[in-house]
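Listed below, chain by chain, are the residues.
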Amino acid sequence: MHNTVRFRSRFHSLRMSGLSTGRHVRGMTLVELLVVISILSMLAAVLIPAVNSARESGRQMVCQTNLRQIGIGLMSNAEHSNGLLCSGAFDWRHDGSVTDVGWVADLVTSGAPVGQMLCPSNPAQVSEAYIDLLSATFPAEDPCVNRLGSPPTVAPDGQPIVNPCRQIIAGNLSPGSLERQVLVTTQIFDKTLNTNYTASWYLVRTGPRLKADGNLGTVGTCEASMMSRTSTLGPLRLALVDGQSVPAAFIPLMGCGATGSPLPYDVGDHVQGELTTRTFSKGPVLTSTLTVPTFPGSTRREGPSGWWGVWARTTLQDFRSFAPVHRHSVNLLFADGSVRSLPDINKDGLLNNGFPVGSGGFQDTTVDLPPDAVFSGYSVADLPPQ
């Protein structure tokens, strides 16, 4: 009992002693709190850009690695396809059944999961090809484009095997119907048939099919268009790349894709309204008007007023389907297998390879893709003499 009293007395005296000497816990003043907040804000301002920069550098490296792997796949395809780097574009409207035709189908068939090899920096993560796959209607037979694809086969158990593009057309599946969305998702998208890289016109078209008067030709009654296979020489062959006056390291095959139209319906984990990426670039156009050259029917090839000089000297490739998605730079895969990053120098979001001001939306004459780095001629098969 006495011990307890002495302890309490001692505790009381110590407590009073602490109070009397001012040795108590003091809270932070408002000024001190503001100083701490300011320091933390300054640290965040310094560190966050550095973290974002490091993250984007990592994404750009992933993108470059993907393009190198795609390049290896294209070269491998050439070894087994009589020199053809690919069978065409990933584009149902212009090239046919996407499970049978196109560089994406070529690589997926060889075992490469192209749909998992996406540019992580691109805001669009699904191809423009899915707009047609989800919403377009095509005739059952078209002599210009085989959109039905491979004929039906039978599995060992007797079940029919019909490719999804044929099912859409033959089954007359309505645009946006749940049945069509499920079919496109499970039989195309989930099979990794997707990309957000844009093929160059060179890779999938090589050059225009020109008539004797220099005008764009075609096959039969098919539409004459730079986007059409029937008006061009078709997919690029390795033999045309080798031994040309233009180095293979200058011929672009693929790059980070520019955004196209929004998805009309959901597909996979992508929802209606998401932006898509262009399937392939648009080919050569006049620098003054961004249109395809046309000539009177009697125009000759040779001479100062001949059509060859117009095509060779006054046209450029329309590369606006590529986009500088990596901090104002674009990754491009070239025909020698290299991948290079080229800057959007004036940061206008467009990659200018020599077009004048006002043409195609270019704000000035800054050349982002110079001729000593990126070939922009009208054809890989008919190169101007050096």
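These notes cover the structure that comes with them. This is a predicted model, so every value here is computed, not measured.

## Things to note about the sheet that holds strand β4 (residues 252-256)
Pairing is antiparallel across the open sheet formed by four strands, whose spatial order is β3-β4-β9-β10. Among the strands making up the open sheet, the edge pair consists of β3 (197-199) and β10 (339-343). Averaged over all pairs of adjacent strands, the angle between strand axes in this sheet comes to 30 degrees, irrespective of strand direction. In terms of strand pairing, β4 meets strand β9 (residues 329-334) through three bridges, oriented antiparallel. For Pro252, the partnering residue across the bridge sits in β9 and is Phe334.

## Describing a nonpolar patch on the surface
There is a patch of nonpolar side chains on the surface, built from Met28, Leu30, Val31, Leu33, Leu34, Val35, Val36, Ile37, Ile39, Leu40 and Leu43 and spanning about 1,000 Å² of accessible area. Positionally, Leu34 belongs in helix α2 (residues 30-80). Judged by its relative accessible area of 46%, Leu34 falls in the partly exposed class.

## What about the state of the cysteines?
Cysteine pairs can be linked by a disulfide, which is a covalent bond between their two sulfur atoms. One pass over the structure, following the stated rule, counts one disulfide. Between the sulfur atoms of Cys144 and its disulfide partner Cys222 the distance amounts to 1.9 Å. Judged by the torsion about the S-S bond (-100 degrees), the Cys144/Cys222 disulfide is left-handed. Placement of Cys144 in the loop between α5 (129-135) and β1 (153-154) and of Cys222 in the loop between α8 (201-205) and α9 (238-241) is noted, with a sequence separation of 78 residues between them. On the basis of relative accessibility, which here comes to 27%, the residue Cys144 falls in the partly exposed class. Note on Cys63: no disulfide assigned, nearest cysteine sulfur contributed by Cys256 at a separation of 3.6 Å. Relative accessible area serves as the criterion here: at 0%, Cys63 is assigned to the buried category. A disulfide-free cysteine, Cys119 has its sulfur positioned 3.7 Å from the sulfur of Cys63, the nearest such atom. By relative accessible area, which is 0% here, Cys119 ends up buried.

Rules behind the numbers
- Residues numbered from 1 in each chain as written.
- Predicted model: local features only at pLDDT ≥ 70, side-chain atom pairs only at ≥ 80, totals over all residues.
- Heavy atoms only, no water.
- Pairing = 2+ DSSP bridges.
- Helix = DSSP H or I, 4+ residues; strand = E, 2+ residues; numbered from the N terminus.
- Axes fitted to C-alpha atoms, helices over the stretch in contact; angles between N-to-C directions.
- Patch = residues over 30% accessible without salt bridge, like charges linked within 9 Å, V, L, I, M, F, W, Y side chains within 5 Å.
- Areas by Shrake-Rupley, 256 points an atom, 1.4 Å probe, with all protein chains shown as cover.
- Salt bridge = Lys/Arg side-chain N within 4 Å of Asp/Glu carboxyl O.
- Buried < 20%, exposed > 50% of the residue type's maximum accessible area, 1.4 Å probe, protein only.
- Disulfide = S-S within 2.5 Å.

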